[in-house]
Amino acid sequence: MSGGAGTALVRGPGPRLADGIVTHIGRRPVDTALAARQHGAYVAALRAADWRVRAVAPADAHPDAVFVEDAVVVCGDLAVLGRSGETRRRGEICGAEQVVRELGLRIERIKEPGTLDGGDVLRVGDTVYVGRGARTNEEGICQLAHLLGGRKVVPVDTSGCLHLKSAITALPDGTIIGVPDLVDTSVLPCMRVVPEPAGAHVVVLGPGHVLLSASAPRTAAQLAADGLHVTSVDISEFEALEGCVTCLSVLVR
């Protein structure tokens, strides 16, 4: 493949993955060998969809570093480095900064007292929805809005989930899909409710093509019936740490 879709940033799971932070679910053992195989299959799915894959430098001291989406938000030629509300994750930024610099993107960063995780940022057309919760605060949202210039930025309160994109994402046509009980739906346009929680997590790989967790078979069937090309991947070991398909990459279009 030529990599015409863009560049996908990924970071492989480190040796301490099983020590990752768990907030809203019960902890269960994580099979790190299986996680490595699952991550390889995830990367293969990106490549099969014509994405060039760039590896972010390992951050083995940080168990959650595989969830690279939280480190940086990319919008056009701008890369905004996050500042997590979870202090144990702030050391994950360096590798992401190096890669976006190598890609020639303009770099800005969220500054104290602002906090922002990339998993709280959902772009839908020209609107940017930003989850307001434990990892991303009002100051972080204000800083992001300033950096994004003329784009409409809409704060969305979250409850009972780690990030905004733990609850909602968007289909290729811009339709928001997700779990309404976890977000303030009053600030959102109409939402397509998913039949299972993992169906809330969709990565748009291209026009008419989405990536979905294998743990959302009913959602996958619905989307396929609608005419979308659906690629499903097993990410069970990352889901044990509250991860999802969006967390494992940053797509630079």
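Here the structure is shown first, and the text comes after it.
Residues numbered from 1 in each chain as written. Predicted model: local features only at pLDDT ≥ 70, side-chain atom pairs only at ≥ 80, totals over all residues. Heavy atoms only, no water.

Enquirer: I'd like a description of the overall build of the protein, backed by residues and values.
Expert: When its secondary structure is counted, the protein shows five helices and 15 strands. Relative to its 253 residues, the protein shows a buried fraction of 55%. Excluding contacts between residues fewer than 6 apart, the proportion of contacts in the protein whose partners are at least 24 apart in sequence is 67%. Total accessible area computed for the protein in this model is approximately 10500 Å², and 52% of it derives from carbon and sulfur atoms. Charge separation in the protein, taken as the distance between the mean sites of 25 positive and 29 negative side-chain charges, equals 4 Å. (Helix = DSSP H or I, 4+ residues; strand = E, 2+ residues; numbered from the N terminus. Buried < 20%, exposed > 50% of the residue type's maximum accessible area, 1.4 Å probe, protein only. Contact = heavy atoms within 4.5 Å. Areas by Shrake-Rupley, 256 points an atom, 1.4 Å probe, with all protein chains shown as cover. Lys, Arg positive; Asp, Glu negative; His and termini not counted. Charge placed at Lys NZ, Arg CZ, Asp CG, Glu CD.)

Enquirer: Outline the packing of aromatic side chains, listing residues and values.
Expert: The final tally for this structure, using the stated rule, is one aromatic pair. Judged by centre distance (6.3 Å) and plane angle (80 degrees), the ring pair of Phe 67 and Phe 238 falls under edge-to-face. With a gap of 171 residues between them, Phe 67 in the loop between β2 (51–55) and β3 (72–75) and Phe 238 in helix α5 (residues 236–239) connect regions that are remote in the sequence. Residue class for Phe 67 comes out buried when judged on its relative accessible area of 4%. (Phe/Tyr/Trp six-rings, centres within 6.5 Å; stacked < 30°, edge-to-face > 60°.)

Enquirer: Which residues make up the pairing of strand β1 (residues 6–10), and what values go with them?
Expert: Among the five residues of β1, five are classified as buried, and the element is accordingly described as predominantly covered. In this sheet, β2 lies alongside β1 in parallel orientation, the contact comprising five bridges. Note on β2: the bridge partner recorded for Val 10 is Ala 55. Where the polypeptide runs from β1 across helix α1 (residues 32–48) and back to β2, its parallel neighbour, the crossover connection is right-handed. When β1 meets strand β15 (residues 250–252), the two strands line up antiparallel, connected through three bridges. Each residue of the ladder has a partner; that of Ala 8, found in β15, is Leu 251. (Pairing = 2+ DSSP bridges. Right-handed = clockwise from strand over helix to strand, strands pointing away.)

Enquirer: Just give me the short version of the side chain of Thr 136, but keep the residues and values in it.
Expert: Tracing the backbone shows Thr 136 in the loop between β7 (127–132) and α3 (138–147). Judged by its relative accessible area of 0%, Thr 136 is buried.

Enquirer: Pulling in residues and values, what's your account of the sheet that holds strand β4 (residues 78–81)?
Expert: Pairing within the open sheet is mixed, and its three strands lie in the order β3-β4-β5. Each edge of the sheet is formed by a strand with only one pairing partner; in this case those strands are β3 and β5 (106–109). Between one strand axis and the next, the sheet turns by 25 degrees as a mean value, whatever way the strands run. For β4 and β5, the ladder comprises four bridges, and the chain directions are parallel. The residue bridging Leu 81 from the neighbouring strand is Arg 109, located in β5. Along the sheet face, helix α2 (residues 93–102) touches β3, β4 and β5 and points at about 155 degrees away from the line of β5. (Axes fitted to C-alpha atoms, helices over the stretch in contact; angles between N-to-C directions.)

Enquirer: Provide a residue-level description of the sheet that holds strand β8 (residues 152–157), including the pertinent values.
Expert: Spatial ordering of the open sheet is given by β6-β7-β8, a layout of three strands whose pairing is mixed. Of all the strands in the sheet, just β6 (121–124) and β8 have a single pairing partner and so form its edges. If you compare each strand with its neighbour and ignore which way they point, the axes differ by 25 degrees on average. Bridge count between β7 and β8: six bridges; the pairing is parallel. Within β8, the position partnered with Arg 132 by the bridge is Asp 157.

Enquirer: Give me the environment of Val 22: which residues, what numbers.
Expert: Structurally, Val 22 is set in the loop between β1 and α1. As a C-alpha pair, Val 22 and Arg 90 span 68 residues in sequence and 16 Å in three-dimensional space. Discounting chain neighbours no more than four positions away, the residues touching Val 22 are Arg 27, Ala 240, Leu 241 and Glu 242.

Enquirer: Explain the pattern of salt bridges residue by residue, including any values.
Expert: Throughout the structure, instances matching the rule amount to 16 salt bridges. In this structure, Arg 89 and Asp 70 form a salt bridge, with 2.6 Å as the shortest nitrogen-oxygen distance. Of this pair, Arg 89 sits in the loop between β4 and α2 while Asp 70 sits in the loop between β2 and β3; the two residues are 19 residues apart in sequence, bridging distant segments of the chain. What makes Arg 89 buried here is its relative accessible area of 6%. Note on Asp 70: relative accessible area 5%, which makes it buried. A salt bridge links Arg 101 to Glu 97; its shortest N-O distance comes to 2.6 Å. Of this pair, Arg 101 and Glu 97 both sit in helix α2, four residues apart, which is roughly one turn of the helix. Taken together, the shared-partner salt bridges in this structure form one network comprising Asp 70, Arg 89 and Glu 92. (Salt bridge = Lys/Arg side-chain N within 4 Å of Asp/Glu carboxyl O.)

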